[in-house]
Every structure is written in structure tokens, then in C-alpha cells.
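Fold and geometry: a report
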Amino acid sequence: MIKFFLMVNKQGQTRLSRYYEHVEIHKRTMLEAEVIKNCLSRSREQCSFIEYKDFKLVYRQYAALFIVVGISETENEMAVYELIHNFVEVLDRYFSRVSELDIMFNLDRVHIILDEMVLNGCIVETNKNRILAPLFVLDKMAES
């Protein structure tokens, strides 16, 4: 099960966070700081899976952004690694070459995409067309 989903830049600033388990606000900031420090300090040659406290971290770097997913011990790391890549491909398709600014200024759209893919910490959809369908409907409604 997915515990949390973070998108962070190289400076360690969180651009997106979604928690699927209750974590108190002050503990979230400490958790994010520790997780970010662990992922940013690793070289590109090192494995993208880290055992951390009572869960695992799966992360992937895209240009200046890191996507970090905290998962339970029983979750398949490779499936989550592919989920991260699929998430970025969906963002690329929707924003036409997604950038950090796209994420910052369209955070609601990014959350919709993530919510279409993950529900209560479980992966529910990977088909890019089905993931983007609600956004295209919203865009059509906004145009008219």
C-alpha cells in the first residue's frame, strides 16, 4: 500500500504531497525533510529503493524534480517505480512537456491526475486515456 506521494525539487522544496495514512502536520514536515534528505543525498548510480524506518521509499528523478513514494514493506517496488513513470508520462501528455512551473500553477490538475491513479493508497488506474478523460471534460466545460 502507498503511504505517501511527494514531488520535490532539487532544493528540497515540496511541490506536491499526498498522504494516504493520517500523519500529523508537524510530523509531516519532519518526515518530508528526512525523506528528501535521504533521496537527494544519493547518487544517480545508487538504487532507487531505500528501506526507511517501517516502510520503503521508491524514488525517481526527472530533470530537477524528484518523485518519492513511501510504501509498505509488502508493496512491490518495481510496480511503484513504474507507477511513477506512468504518472510523469500522463503529466507530459496533459501539459505537453511538463515542467516544475506547470505543477506549481496547476496543482489542482496534478492532484486530479494522481487521484485518478491512486485511491486510498492502492493503484486503481494506469490507462493514460482513462486518467485524462475527467480533465478533458473539465477543460471543455471551462471553454464553454
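See above for the structure.
Structure report, in brief. Note that the structure is predicted; figures quoted are calculated from it, not measured.

**Here we look at the sheet that holds strand β2 (residues 14-19)**
Read across the open sheet, the 5 strands follow the order β2-β1-β5-β4-β3; overall the sheet is antiparallel. This sheet does not close on itself; its edge strands, each paired only once, are β2 and β3 (49-52). Pairs of neighbouring strands in the sheet enclose a mean axial angle of 20 degrees, with direction left out of account. Pairing of strand β1 (residues 2-9) with strand β5 (residues 65-71) involves 7 bridges; the strand directions are antiparallel. Its bridge partner being in β5, N9 is matched across the sheet by L65. Helix α2 (residues 77-95) contacts β1, β2, β3, β4 (55-62) and β5 of the sheet and is inclined by roughly 35 degrees relative to β4.

**Considering a nonpolar patch on the surface**
On the surface, L101, M104 and F105 cluster together into a nonpolar patch covering about 330 Å² of accessible area. Considering the arrangement of structural elements, one finds F105 in helix α3 (residues 100-105).

**Comments concerning the packing of helix α4 (residues 107-117) against helix α5 (residues 128-143)**
Where α4 contacts α5, the axes come no closer than 8 Å and their chain directions differ by 145 degrees. In the packing of α4 onto α5, the handedness of the crossing is right-handed. Contact with α4, carried on its side by R109, I112, I113, E116 and M117, involves R130, I131, L132, P134, L135, L138 and D139 of α5 and no other residues of that element.

**Some words on the side chain of R109**
Residue position: R109 is located in helix α4. Discounting residues that sit within four places of it in the chain, R109 has contacts with Y94, F95, L135, L138 and D139.

Cut-offs applied
Residues numbered from 1 in each chain as written. Predicted model: local features only at pLDDT ≥ 70, side-chain atom pairs only at ≥ 80, totals over all residues. Heavy atoms only, no water. Pairing = 2+ DSSP bridges. Helix = DSSP H or I, 4+ residues; strand = E, 2+ residues; numbered from the N terminus. Axes fitted to C-alpha atoms, helices over the stretch in contact; angles between N-to-C directions. Contact = heavy atoms within 4.5 Å. Patch = residues over 30% accessible without salt bridge, like charges linked within 9 Å, V, L, I, M, F, W, Y side chains within 5 Å. Areas by Shrake-Rupley, 256 points an atom, 1.4 Å probe, with all protein chains shown as cover. Salt bridge = Lys/Arg side-chain N within 4 Å of Asp/Glu carboxyl O. Left-handed = near helix turned anticlockwise from the far one by under 90°.

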